[in-house]
Amino acid sequence: MSLRERLLLRRLRDRDERAFREMVEAYQDQVFNLLFRMIGKREEAEDLAQEVFVTVFKSIDQFRGESKLSTWLYRIAANHCKNRIKYLARRHDRSTSQLDETMERAAAAQGGAPVGAGRIDAPDQALEGAETERIVQRAIADLDEDHRLVIVLRDIEELAYEEICAITGLPEGTVKSRLHRARLALKEKLAKYG
Amino acid sequence: MPDESHDAFEADFSDFYDRTLSEVRAKELEAHLATCERCKAEYERFRGAVGAVSGLGRMAAPRDFDDQVADTIRRRSAGKFFGRRAFGDRVPFEILAVLALVVVAAVYWFIRSR
């Protein structure tokens, strides 16, 4: 933890509103991006991001500063995500038919080629289309939550293995093998959606 | 080549992609990919899938997000959360009790010594 973070933490513990706003502004996009990629819905991600920061402030006195502030935030966000995913699964809150239509349109626009095979050889080109982005997002959403978390932390947030271990509480070997399985599963899902 | 060999190479795709594979093993895999069409195609699909995820745009929180969070915290705490806490809130009770004892002892010692 850097000196700057320690000073910020001290002000946060004093319930200094300016410090609170500094922290939210510094980390809101990271937290929001993680939540959006995990949940796949903007409104849910916004609601959940608020809950993450509310939890941070409720439990700021319990944070001992043994990890980076961002690691702690990611850990809280990951826990909230898991709970929300379970809750949404119970509600069957997944607009599958809408997403299927989106994928059909995207496949037709690309000449019916599988998204994960061939057409995605040049990811930069493929990702130019919002439709393709939705398909990739859908493939992520179809992974089980543990796979989704490691793939989002590593391949989207670009975190080091060390930090992913600190967030998930898993040993490095487990994180690596889980990430490998997640990437293979993602490859198969992208191929299937084509 | 037996299927197990292909599987063994596939098991290293992630480390190969992350460039965390040992130099010797990476060279073995490169040589295999140069001659095995099946594994080469699989690795290209693997690389394409991971690249597609990495290439997703970054989402930003709403502009007034900090105001929204501050409002939520104020509402839920009935306005009591923010604001500098009193000295008694910031210093643990045990330390205050010890300090009080020290002061009482000092006053007692001062009175006795006169």
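Please read these numbers as outputs of a predicted model, since none were measured by experiment.

1. Quick notes on the environment of A:Val24
Phase 1 of the analysis: For A:Val24, the location among the structural elements is in helix H2 (residues 17-39).
Phase 2 of the analysis: For A:Val24, a relative accessible area of 0% translates into the label buried.
Phase 3 of the analysis: Expressed as a C-alpha distance, the spacing of A:Val24 and A:Gln50, which sit 26 residues apart in the sequence, is 9.8 Å.
Phase 4 of the analysis: Apart from residues lying up to four places away in sequence, A:Val24 is in contact with A:Phe53, B:Phe65 and B:Asp66.

2. Description of the side chain of A:Glu44
Phase 1 of the analysis: Tracing the chain through its elements places A:Glu44 in helix H3 (residues 42-58).
Phase 2 of the analysis: In this structure A:Glu44 comes out as buried when scored by relative accessible area, which is 15%.

3. Things to note about the side chain of B:Asp66
Phase 1 of the analysis: Relative to the elements of secondary structure, B:Asp66 occurs in helix H5 (residues 65-76).
Phase 2 of the analysis: Residues contacting B:Asp66, with those up to four places away along its chain left out, are A:Phe20, A:Arg21, A:Val24, A:Glu25 and A:Gln28.

4. Here we look at the pattern of salt bridges
Phase 1 of the analysis: In this structure the tally under the stated criterion is 29 salt bridges over all chains.
Phase 2 of the analysis: Where A:Arg11 meets A:Asp16, a salt bridge forms, and the shortest distance between an N and an O atom there is 3.4 Å.
Phase 3 of the analysis: According to the relative accessible area criterion, A:Asp16 is partly exposed, its value standing at 23%.
Phase 4 of the analysis: Linked by salt bridges that have partners in common, A:Glu17, A:Arg21, B:Asp66, B:Asp67, B:Asp71 and B:Arg74 make up one network.

5. What to know about the confidence of the model for chain B
Predicted coordinates in areas of low pLDDT are best not read in detail.
Phase 1 of the analysis: Overall, the predicted model of chain B reaches an average pLDDT of 86, with 89% of residues at or above 70.
Phase 2 of the analysis: Predicted complex metrics record ipTM = 0.74 and pTM = 0.75.

6. Looking at a nonpolar patch on the surface
Residue and element names in this part refer to chain B.
Phase 1 of the analysis: Taken together, the side chains of Val103, Val107, Trp109, Phe110 and Ile111 present a nonpolar region at the surface, about 570 Å² in accessible area.
Phase 2 of the analysis: Relative to the helices and strands, valine 107 is located in helix H7 (residues 93-113).
Phase 3 of the analysis: Note on valine 107: relative accessible area 44%, which makes it partly exposed.

7. Notes on the environment of B:Val24
Residues and elements named next belong to chain B.
Phase 1 of the analysis: Among the secondary structure elements, valine 24 is positioned in helix H3 (residues 23-35).
Phase 2 of the analysis: On the accessibility criterion, valine 24 (60% relative accessible area) is exposed.
Phase 3 of the analysis: For the pair valine 24 and alanine 105, spaced 81 residues apart in the sequence, the C-alpha separation amounts to 73 Å.

8. Some points on the packing of helix H9 (residues 161-168) of chain A against helix H10 (residues 172-193) of chain A
Residues and elements named next belong to chain A.
Phase 1 of the analysis: One way to put it is that H9 packs onto H10 with a least axis distance of 9 Å and a crossing angle of 100°. With respect to each other, H9 and H10 are oriented roughly perpendicular. Judged by residue contacts, Tyr161, Ile164, Cys165 and Thr168 of H9 engage Glu172, Val175, Lys176 and Leu179 from H10.
Phase 2 of the analysis: A per-class count over the contact of H9 with H10 returns 5 nonpolar, 1 polar and 2 charged.

9. Considering the interface of chain B and chain A
By a frequent convention, interface size equals the accessible area lost on bringing the separate parts together.
Phase 1 of the analysis: Listed by partner, the interface residues are 45 residues for chain B and 48 residues for chain A.
Phase 2 of the analysis: Surface buried jointly by chain B and chain A totals about 4,400 Å² across both partners, of which 56% is contributed by carbon and sulfur atoms.
Phase 3 of the analysis: At the surface where chain B touches chain A, the tally comes to 10 salt bridges.
Phase 4 of the analysis: Notably, a salt bridge pairs B:Arg76 with A:Glu51, separated by 2.6 Å at the nearest N-O pair.
Phase 5 of the analysis: If you look at where chain B meets chain A, you find 18 residue pairs in polar contact (both at pLDDT 80 or more).
Phase 6 of the analysis: Mapped by element, the contributors of at least two residues to the side of chain B that touches chain A are helix H2 (13-18), helix H4 (37-54) and H5 of chain B.

10. Thoughts on helix H8 (residues 145-156) of chain A
Residues and elements named next belong to chain A.
Phase 1 of the analysis: In terms of burial, H8 is largely enclosed, as 11 of its 12 residues are buried.
Phase 2 of the analysis: For H8, the full list of buried residues reads Glu145, His147, Arg148, Leu149, Val150, Ile151, Val152, Leu153, Arg154, Asp155 and Ile156.
Phase 3 of the analysis: At the N-terminal boundary of H8, the capping side chain belongs to aspartate 144, with an oxygen 3.1 Å from the backbone nitrogen of aspartate 146.
Phase 4 of the analysis: Backbone geometry just downstream of H8 places glutamate 158 in the positive-phi region, at approximately 55°.

Procedures and definitions
All residue numbers refer to positions counted from 1 along the written sequence of the respective chain. Written order decides the labels, with chains lettered from A and ligands numbered from 1. Per-residue local features of the predicted model are confined to residues with pLDDT of at least 70, and side-chain atom pairs are confined, for both listing and counting, to 80 or more; whole-chain, interface and lining totals are unaffected and use all residues. Each side-chain value is derived from all of the structure's non-hydrogen atoms; neither hydrogens nor water enter the calculation. Secondary structure elements follow DSSP: runs of H or I no shorter than four residues count as helices, runs of E no shorter than two count as strands, and numbering proceeds from the N terminus. When a residue's accessible area, from a 1.4 Å probe over protein chains only, is under 20% of the maximum for its type it is buried; when over 50% it is exposed; and in between it is partly exposed. Whether two residues touch is decided by their heavy atoms; if any such pair falls within 4.5 Å, the residues are in contact. When a carboxyl oxygen of Asp or Glu lies within 4 Å of a side-chain nitrogen of Lys or Arg, that pair is called a salt bridge. What pLDDT expresses is the predictor's confidence in each residue, scored from 0 to 100. Patch membership requires more than 30% relative accessible area and the absence of a salt bridge. Residues of like charge join within 9 Å; the nonpolar side chains Val, Leu, Ile, Met, Phe, Trp and Tyr join within 5 Å. The Shrake-Rupley method, run with a 1.4 Å probe, gives the accessible areas here. Residue values count only the displayed protein chains as cover. Note on geometry: axes are lines fitted to C-alpha atoms, helical ones only across the stretch in contact, with angles between N-to-C directions running from 0 to 180 degrees. Any angle between 65 and 115 degrees counts as roughly perpendicular, while under 35 counts as roughly parallel, over 145 as roughly antiparallel, and the rest as oblique. Charged means Asp, Glu, Lys or Arg here, nonpolar means Ala, Val, Leu, Ile, Met, Phe, Trp, Tyr, Cys or Pro, and polar covers whatever is left, Gly included. Note on definitions: buried area is the accessible-area loss of two parts on being combined, 1.4 Å probe, summed for both. Two N or O atoms count as a polar contact when they lie within 3.5 Å, although within protein this holds only if one can serve as hydrogen donor and the other as acceptor, and sequence-adjacent residues are included solely when both atoms are side-chain atoms.

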